[in-house]
Amino acid sequence: VYQVFESVAKKYDVMNDSMTLGIHRVWKDFLVHKMNPCPGTLLLDVAGGTGDIAFRFINYVRSVRERQLQRKLKQHQNLSWQEIFENYQEDKCNSLGDSQVVVCDINREMLKVGKQKAQHLGYSEGLSWVLGNAEELPFDDDKFDVYTIAFGIRNVTRIDLALQEAYRVLKPGGRFLCLEFSHVSNPLLSRLYDLYSFQVIPVLGEVIAGDWRSYQYLVESIRQFPPQEELKAMIEDAGFFKVDYENLNFGIVAIHSGFKL
Amino acid sequence: EEEEEVEEEELWHQLYPGHIPTSPLQKALLAAGSAFMALYDPYRHDMVAVLGETTGCLALPNLRDKMKHHPEGYRILQERPRIRLSTLDMSRLRGLPDGSLGREYVRFLEVNKVSPDTRMPPKFVDDEELAYVIQRYREVHDLMHTLLGMPTNMLGEVVVKWFEAVQTGLPMCVLGAAFGPVRLSARKLQVLATELVPWAIRSGLNASCVLNVYYEQRWEQPVESLREEIGIFPPP
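The rules behind these values
- Residues numbered from 1 in each chain as written.
- Chains lettered and ligands numbered in written order.
- Predicted model: local features only at pLDDT ≥ 70, side-chain atom pairs only at ≥ 80, totals over all residues.
- Heavy atoms only, no water.
- Salt bridge = Lys/Arg side-chain N within 4 Å of Asp/Glu carboxyl O.
- Helix = DSSP H or I, 4+ residues; strand = E, 2+ residues; numbered from the N terminus.
- Buried < 20%, exposed > 50% of the residue type's maximum accessible area, 1.4 Å probe, protein only.
- Contact = heavy atoms within 4.5 Å.
- Core = buried A, V, L, I, M, F, W, Y, C linked by side-chain atoms within 4.5 Å.
- Buried area = accessible area lost by both parts, 1.4 Å probe.
- Polar contact = N/O pair within 3.5 Å; in protein donor to acceptor, adjacent residues only side chain to side chain.
- pLDDT = per-residue confidence, 0-100.

**Here's the deal with the pattern of salt bridges**
Residues and elements named next belong to chain B. Scanning the entire structure with this criterion turns up 31 salt bridges over all chains. In this structure, the salt-bridge partner of E220 is R92, at a minimum N-O distance of 2.5 Å. On the criterion of sequence distance, the pair formed by E220 in the loop between α11 (186-206) and α12 (223-230) and R92 in helix α6 (residues 90-95) is long-range, its members being 128 residues apart. Take E220: its relative accessible area is 44%, and that puts it in the partly exposed class.

Take a look at the structure:
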């Protein structure tokens, strides 16, 4: 799996856009909206390689923070200019409201691409990049408010271990969110989806990234991944409560959610 | 592990190492995609190779039959020689007299800074013998340059493509010959159109099949004599 992603890292984003016709962006936006983070949240994004979730999280938190500040300013209509100025200074240094995201990935190349993207897009504060294995996270217990893994869990050899680790590093009250390809139950759509996956995606892989094999592997790994209910059961086994899932696009993708209580 | 499972499954359908079996739909998509990508990004030589493989279903059997019916070509099909740095004795070739095939070939490689090892192995040809034919065609390409006296710049490549198009009938060569000149300056286009292409076409038509020559056994032969034997007219 490591070698697959080493060769895939640089063209990862281009391939994602081509394969999903840009829809993956909508899925990721949806995930962060569902998360609905408030400023001060500490997020761990596992297998977050090129930073897609992390950047969306930062954007979301920033806009929530801005609205917070606006509301505060409206309330303080009678302040002197001096007080307004001080308030403004203090809040400017805190545009994220102490929110932080840690991006953890097992693959150095993916992290490298992510860091470059962050620089390019102007993301600097509240972001850290850590090399690590989802089955054995380099973090202490009870640390994070939210744990996300977007399109990463199907590449983990021992999903149960990854879920256990997720449980361990979350604070009590913390939330587990998983965005992943899942099962399409509608028979007609399933046939079309299979056709597209097996006929078109490896071709795209060859033409865009010069790598048929990695994308063939990708498509096959999606088929072998546990369907919605099974994954829900696995998450419950790890100790999470209120486990639920939501299908996107008829089950092509699903978001599973659980809480550590 | 999952990756091993995938490999084992494929081995059942794999006809040669590196072979990726493809459905007709996939071949069609690959042909279209590689054609587009080859034009969009000229550095994607792998796309040119893929285009050749996916569109060669008529031309390749043709070439293979030409080889089968020729004594030297037949021997090549049997013995399957490969032109690689590891199989070539470069120092010996360099020591050959000027004007000999071996000496000029090595000179060509050094002057243009190319190596025979950069040729892509075939992936999408669904016949093991035809896969060898296309591999042979790729490895002999540099020898074509030597015999035609053409360098590896855009102009030289286009000229060789015209020659190969006439010789092999591979759609990829035809497309390359037709679209290659798009990126040339007006002056070069003129030289191309008035002198080089007509010569390449005439030579290509006149010459016997270039894949039927066992080059590895002819290193000592003078280039001019080999040209005459095959039927390539002297370059302008």
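And the narrative resumes.
**Here's the deal with the environment of G56 of chain B**
All names here are of chain B. Checked against the element boundaries, G56 lands in the loop between α3 (45-55) and α4 (59-68). Considered as a pair, G56 and W199 are 143 residues apart in the sequence and their alpha carbons are 25 Å apart. Contacts of G56, omitting those with residues within four sequence positions, involve P61, L170 and P171.

**Details of the nonpolar core**
With 59 residues, the main nonpolar core has L147, Y215 and I230 of chain B as its most contacted residues. Element by element, the count of residues in this core is highest for helix α8 (residues 128-148) of chain B, at 11 residues. Apart from the residues within four sequence positions on either side, L147 of chain B is in contact with L101, Y215, V223, L226, R227, I230 and I232 of chain B. With 34 residues, the next largest nonpolar core counts M35, Y60, V64 and L96 of chain A among its residues.

**Some remarks on the interface of chain A and chain B**
On the chain B side, the residues contacting the 19 residues of chain A number 24 residues. The three residues of chain A that bury the most area against chain B are V207, W212 and R213 of chain A, which together make up 33% of that side's buried surface. For the pair chain A and chain B, the number of links is 1 salt bridge. Across the pair E206 of chain A and K123 of chain B runs a salt bridge, and its minimum N-O distance is 3.1 Å. Where chain A meets chain B, there are 6 residue pairs in polar contact (both at pLDDT 80 or more).

**With respect to the confidence of the model for chain B**
All names here are of chain B. Here chain B shows a mean pLDDT of 85. Residues at 70 or above account for 95%. Note that residues 1-9 has pLDDT below 50 and, in this model, 9 contacts with residues that lie over four places away or in other chains. For this predicted complex, the interface confidence comes out at an ipTM of 0.80, alongside a pTM of 0.79.

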